[in-house]
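Read off the chains here:
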Amino acid sequence: MIQEKTTVLWNKRIGSSYFQMGLKCNKGFSNAMPGQFVMLRPSDQADPLLRRPFSIYKLIKKNDRVHGIEILYKVIGKGTVLLSMCHENDLIDILGPLGNSFLIPQDDEKVFLVAGGIGVPPIVFLASHMKEAGINLSHCSVFLGGRTTDDLLCMDRFKRLKITTHISTDDGSEGQKGYVTHSLEGEINKSTPDVIYACGPLAMLKQVIQVAEKNRIKCYVSIETMMACGLGACVGCVVESSNRSGSYFHACKDGPVFNAADIQL
C-alpha cells in the first residue's frame, strides 16, 4: 500500500453519468489484483475531507511494465462530481492498492461472473487477469445487469475477451427484462457452474448468494459500501459475519472480497 500524488492521464465521459479515469502511478501497483481498490481525492480539495473508494478497473501497461491504473465511476455525490471535473495533468491523492482480491479459478472450472452497475470494473479486471493467466475463458459466462441500457458497462470488453455474455435491464431496454439474477438462475438450471464471482449493489449480491446457496455453488462476492478510511480504523463499513452472532468484518480490511458462506447480507 502506498500514498502518493498521482497525475490524471485522462478523464472521459462514457455515459450520461459514468466516467473512465486513467491515473499515472509511480509505484506500488505492479502486483495489484482483481477486487482490490483505491481511495481517491482531488489533491487541492479540503472538502470533502475524506477520500472515496474505487475498484481498480484496469492496469495501464507499457512494455510489460505497470505505469498506472484505470477506474470507472458514476457521478452520484460531491466527491465524484469533483472527480468528474478533473482534467489531464491534475493531481489526485491516492491510497492503495487496498483490500484482498478474488481467488483465481482453476483452468478447468466453469465460472459465472455477475456484475451490476458500477460493480462491473472488478469483474472486468478479473476476467482480463484470468485470460493473462492462460485460463480458458470458453468455460466462463458473464451476467451484466443495469436499470437501463445506460447502466450497462464494458460490454465491448467482454466481447473482446470472447466471453459468453447475458444482458439484463430492469426496464427491458436491452437484453432480458428483469433482474440479472433471473438470467443467472435460468442458466444455472441449464448448466451448473463450479463457482460464481459477483460484484454490484448489496440487494443484487444478496440474491446472488441465495441462488448460489440454493444450488450449492461456491460463491465469492465483492462488497460495495461506503468507506471513510479504507484501513479498518473508522468501523464505517462493517459486514455481519454468518459464523458467530454479533461478530462483524470490515469490508475494507477483511474484504472487499468475501466467501459468501462467511457473511450475512
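Starting from 1, residues in each chain are numbered consecutively following that chain's sequence as written. pLDDT decides what is reported in this predicted model: residues at 70 or higher carry local features, side-chain atom pairs at 80 or more are listed and counted, and totals for whole chains, interfaces and linings draw on all residues regardless. As a rule here, side-chain values come from all non-hydrogen atoms in the structure, and water together with hydrogens is ignored.

A. View of the pattern of salt bridges. The salt bridge criterion pairs a side-chain nitrogen of Lys or Arg with a carboxyl oxygen of Asp or Glu, the two atoms within 4 Å. Taken as a whole and judged by the stated rule, the model has eight salt bridges. Lysine 58 is the salt-bridge partner of glutamate 70, the closest N and O atoms lying 3.8 Å from each other. Taken together, the positions of glutamate 70 in strand S6 (residues 65–74) and lysine 58 in strand S5 (residues 58–62) put the pair twelve residues apart, joining distant regions of the chain. Its relative accessible area of 33% is what places lysine 58 among the partly exposed residues. Residues glutamate 132 and lysine 61 are paired through a salt bridge, measuring 3.5 Å at the closest nitrogen-oxygen approach. Secondary structure is summarised from DSSP: a helix means a run of H or I of at least four residues, a strand means a run of E of at least two, and numbering begins at the N terminus for each. Buried means the residue's accessible area, taken with a 1.4 Å probe over protein chains only, is under 20% of the maximum for its type, while exposed means over 50%, and partly exposed covers the values in between.

B. Layout of the packing of aromatic side chains. Between the rings of Phe, Tyr and Trp (Trp by its six-membered ring), a pair exists once the centres lie within 6.5 Å; its type follows the angle of the planes, with under 30 degrees stacked, over 60 edge-to-face, and the other angles tilted. In the structure shown here, the tally under the stated rule is six aromatic pairs. Ring plane angle 15 degrees and centroid distance 5.5 Å describe the contact between phenylalanine 19 and tyrosine 73, whose orientation is recorded as stacked. In this pair, phenylalanine 19 sits in strand S2 (residues 18–24) while tyrosine 73 sits in strand S6, placing the two residues 54 residues apart along the sequence. Each member of the pair, phenylalanine 19 as well as tyrosine 73, is classed as buried. Pairing phenylalanine 54 with tyrosine 73 gives two aromatic rings, centres 6.0 Å apart and planes at 70 degrees, and the pair type is edge-to-face.

C. Quick look at the environment of serine 16. Residue position: serine 16 is located in the loop between strand S1 (2–13) and S2. For serine 16, a relative accessible area of 53% gives the class exposed. Along the sequence, serine 16 and threonine 165 sit 149 residues apart, while their C-alpha atoms lie 23 Å from each other. Here a polar contact means two N or O atoms within 3.5 Å. Within protein one must be a hydrogen donor candidate and the other an acceptor candidate, and residues neighboring in sequence count only if both atoms are side-chain atoms. In this structure the side chain of serine 16 is engaged in a polar contact, spanning 2.4 Å, whose partner is the side chain of aspartate 150.

D. Spotlight on the sheet that holds strand S17 (residues 263–264). Any two strands with at least two DSSP bridges between them are considered paired. Judged by pairing direction, the sheet is antiparallel, and its three strands sit side by side in the order S15-S14-S17 without closing on themselves. Both outer strands of the open sheet, strand S15 (248–250) and S17, are each paired with one neighbouring strand and no more. As judged from the two bridges shared by strand S14 (residues 238–241) and S17, these two strands associate in the antiparallel manner. The residue of S17 that forms the bridge with serine 241 is isoleucine 263.

E. Inspection of the side chain of glutamate 4 at higher detail. With respect to the helices and strands, glutamate 4 occurs in strand S1. Note on glutamate 4: relative accessible area 10%, which makes it buried. Throughout, a residue-residue contact means that at least one pair of heavy atoms, one from each residue, lies within 4.5 Å. In contact with glutamate 4, other than residues within four places in its own chain, are Cys25, Asn26, Lys27, Ile92, Asp93 and Ile94.

F. Structural view of the pairing of strand S10 (residues 164–169). Here strand S9 (residues 140–146) pairs with S10 via six bridges, running parallel. Paired with glycine 145 across the strands is serine 168, a residue of S10. By definition, the crossover connecting two strands over a helix is right-handed if that path, from the first strand to the second, turns clockwise as seen with the strands pointing away from the viewer. For the crossover that starts at S9, traverses helix H3 (residues 155–160) and ends in the parallel S10, the hand is right-handed. Relative to strand S11 (residues 176–177), S10 runs parallel, the two being bridged by two bridges. What sits directly across from serine 168, in S11, is glutamine 176.

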